[in-house]
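# An overview of the molecular structure
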Amino acid sequence: MFLLGLFSGNSPNNQGPGGVALPSTGSGETSGHPFEEQRRQDREDIVRFLDGDGEGFDRLMNRYRQRAYGIALNLTGNHDDAMDAVQKAFIRIHRSLRKFRLDEPFFPWLYRIVRNTAHNQRRDESRHKGEVPLEWVNQSDGRPDPLSETVADDLRERIWNGLQELPEDMREVFHLYHFQGLKYREIADLKGLPLGTVMSRLHAARLKLRQAAGLEEEL
Amino acid sequence: MNAKGPFDPRKDAPLLSAYVDGELEPDDVARVEAHLAQDEQARREVEHLRRLKAVTGAMRLKEPPAEEWEAFWKSVYNRSERSVGWILFCLGLVVLGAWGVTEAVTVLLKTDELPLYVRGSILLLAAGILVLLISAVRERVFRRSRTRYKDIIR
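Note that the structure is predicted; figures quoted are calculated from it, not measured. (Residues numbered from 1 in each chain as written. Chains lettered and ligands numbered in written order. Predicted model: local features only at pLDDT ≥ 70, side-chain atom pairs only at ≥ 80, totals over all residues.)

## What to know about the environment of Arg-43 of chain B
Residues and elements named next belong to chain B. Cut-off, in case you're wondering: Helix numbering and strand numbering both begin at the N terminus, where a helix is a DSSP run of H or I of at least 4 residues and a strand a DSSP run of E of at least 2. Residue burial here comes from a neighbour count, namely the number of other C-beta atoms, placed from the backbone, that lie within 10 Å of the residue's own C-beta, with 20 or more meaning buried, 12 or fewer meaning exposed, and in between meaning partly exposed.
Mapped onto the elements of the fold, Arg-43 is located in helix α3 (residues 40–57). Judged by local crowding, Arg-43 falls into the partly exposed class, with 14 C-beta atoms found within 10 Å. In the structure, Arg-43 is positioned 10 residues away from Glu-33 in sequence and 9.4 Å away in space, judged by C-alpha atoms.

Below, the structure written as structure tokens:
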């Protein structure tokens, strides 16, 4: 019961890893929306690249690299394979960026490429290889204040391993919500799923995670 | 009375997660809250979900260090260059191969040193090998494209 009341509030799911504001993937964006600026930058960089300026591509990829890494990590389960998948995905993006439709949001397009590449990269036997790629947010020493380092590390590891035990469709929705910071509607749009399915998968993922990570007693 | 009817604990359980996430429409919020007011188990469930969300919300994926991204970019360009090299190599090979085959067939057809049935057999043999090669390559490519994304839910 040591975890009760230790964590304040909500998931930072309006932010991406590292607290970076995320672009919207939904179709209902309006002018002046905070994500509109992101889309404008994306378009600008793509046009620069198409005009022969390689820096446009670098800027675009640097903006999305951490998100791409997160997507690949979710599928491959380990750092090395994830980095390898992101490399291959970026090469594919570089080759096929000319086919990208500028009136579409960039993230869903990137998401599909990274996801497919990571699928090819995935080697199930290596899912649990290497260190746990999760960290605590906002704590200078990398853990929530009241927890001892050992307990915090153990919890981090159990949650990561629990996530690896989830069926892929659940893990993916969980990842998109918690680590990519998307809203339900945005996940539904990205995946082409009904909103109710997103809701069901996320709920089922949480129930299974609690079980798989052995958190039933604590949470 | 809400048009969607009262909360059904079996069918509507995912609404509890969406309630915790603040993702419900006002009418569904009303349904969930009416249910929570009556059902202690549901209240406990919501509390569990809140705690789990607080824990997972306090975590994020580690970002690879900056020096790793630098090495990453170099590797991307190296790989990209190599793949361009392979494409050029294959193109050259195809063109040279086509030229070689054309030349060989021309020479074979013109020569009088071999009887006609031997020349015909050589051509048939070469055509057979070519068909087998193309078939094997196509099968390999086709199988790869069919199985590559087999796990992806579209």
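Right, picking up where we left off after that structure.
## Examining the packing of helix α6 (residues 168–178) of chain A against helix α8 (residues 195–212) of chain A
Residues and elements named next belong to chain A. Definition in use: Think of each axis as a best-fit line through the C-alpha atoms, taken over the contacting stretch in the case of a helix, with angles from 0 to 180 degrees between the N-to-C directions. Comment on the angle field: the value is read as roughly parallel under 35 degrees, roughly antiparallel over 145, roughly perpendicular from 65 to 115, and oblique elsewhere. For the purpose of contact definition, each residue receives a C-beta atom placed from its backbone, and two residues are in contact when these atoms lie within 7 Å. Residues are grouped as follows: Ala, Val, Leu, Ile, Met, Phe, Trp, Tyr, Cys and Pro are nonpolar; Asp, Glu, Lys and Arg are charged; all remaining types, including Gly, are polar.
Running from N to C, α6 and α8 point in directions that differ by 100°, and their axes come no closer than 8 Å. When the axis of α6 is compared with that of α8, the two are roughly perpendicular. Residue-level contacts link Asp-169, Met-170, Arg-171, Val-173, Phe-174 and Tyr-177 of α6 to Val-198, Arg-201, Leu-202, Ala-204, Ala-205 and Lys-208 of α8. Looking at the contact of α6 with α8, its residues break down into 8 nonpolar, no polar and 4 charged.

## Observations concerning the packing of helix α7 (residues 184–191) of chain A against α8 of chain A
The relative placement of two packed helices comes down to the angle between their axes together with the axis-to-axis distance. All names here are of chain A. Across the interface, α7 lies against α8 with an axial gap of 9 Å and an inter-helix angle of 110°. Overall, the two elements α7 and α8 adopt an arrangement that is roughly perpendicular. Taking contact as the criterion, the partners of Tyr-184, Arg-185, Ile-187 and Ala-188 in α7 are, on α8, Leu-195, Val-198 and Met-199. Its residues placed into classes, the contact of α7 with α8 shows 6 nonpolar, no polar and 1 charged.

## Focus: the nonpolar core
All names here are of chain A. Where we set the bar: Working definition: the nonpolar core is a set of buried Ala, Val, Leu, Ile, Met, Phe, Trp, Tyr and Cys residues, joined through C-beta atoms within 7 Å.
If you look at the biggest cluster of nonpolar residues, it comprises 61 residues, and the most contacted ones within it are Ala-68, Ala-72, Val-86, Val-114, Val-173 and Ile-187. Tallying contributions element by element places helix α2 (residues 54–76) first for this core, with 9 residues. When near neighbours in sequence (up to four residues on either side) are disregarded, Ile-187 contacts Val-173, Leu-176, Tyr-177, Leu-182 and Val-198.

## Remarks on the confidence of the model for chain B
Residues and elements named next belong to chain B. Quick note on the threshold: Within a predicted model, pLDDT stands for the predictor's per-residue confidence, ranging from 0 to 100.
Residue-level pLDDT values for chain B average 85, and 90% of them are 70 or greater. The secondary structure element of chain B with the lowest average pLDDT is helix α5 (residues 116–147), at 82, and the one with the highest is helix α1 (residues 14–20), at 96. Reported for the predicted complex are a pTM of 0.69 and an ipTM of 0.70.

## Some remarks on helix α2 (residues 26–38) of chain B
Residue and element names in this part refer to chain B. Convention followed: Any helix carries an expected span of 1.5 Å times its number of residues minus one. Directions are taken from the helix axis to each C-beta atom, and the arc is the one they span.
Spanning 13 residues, α2 covers 19 Å between terminal C-alpha atoms, matching the ideal 18 Å at 1.5 Å per step. Among the residues of α2, Arg-31, Val-32 and His-35 are the ones counted as buried. Buried positions in α2, seen along its axis, are confined to an arc of 95° and lie on one side of it. Relative to its buried face, α2 has exposed residues pointing more than 90 degrees away, namely Pro-26, Glu-33 and Ala-37. On its buried face, α2 sits against α1 and α3.

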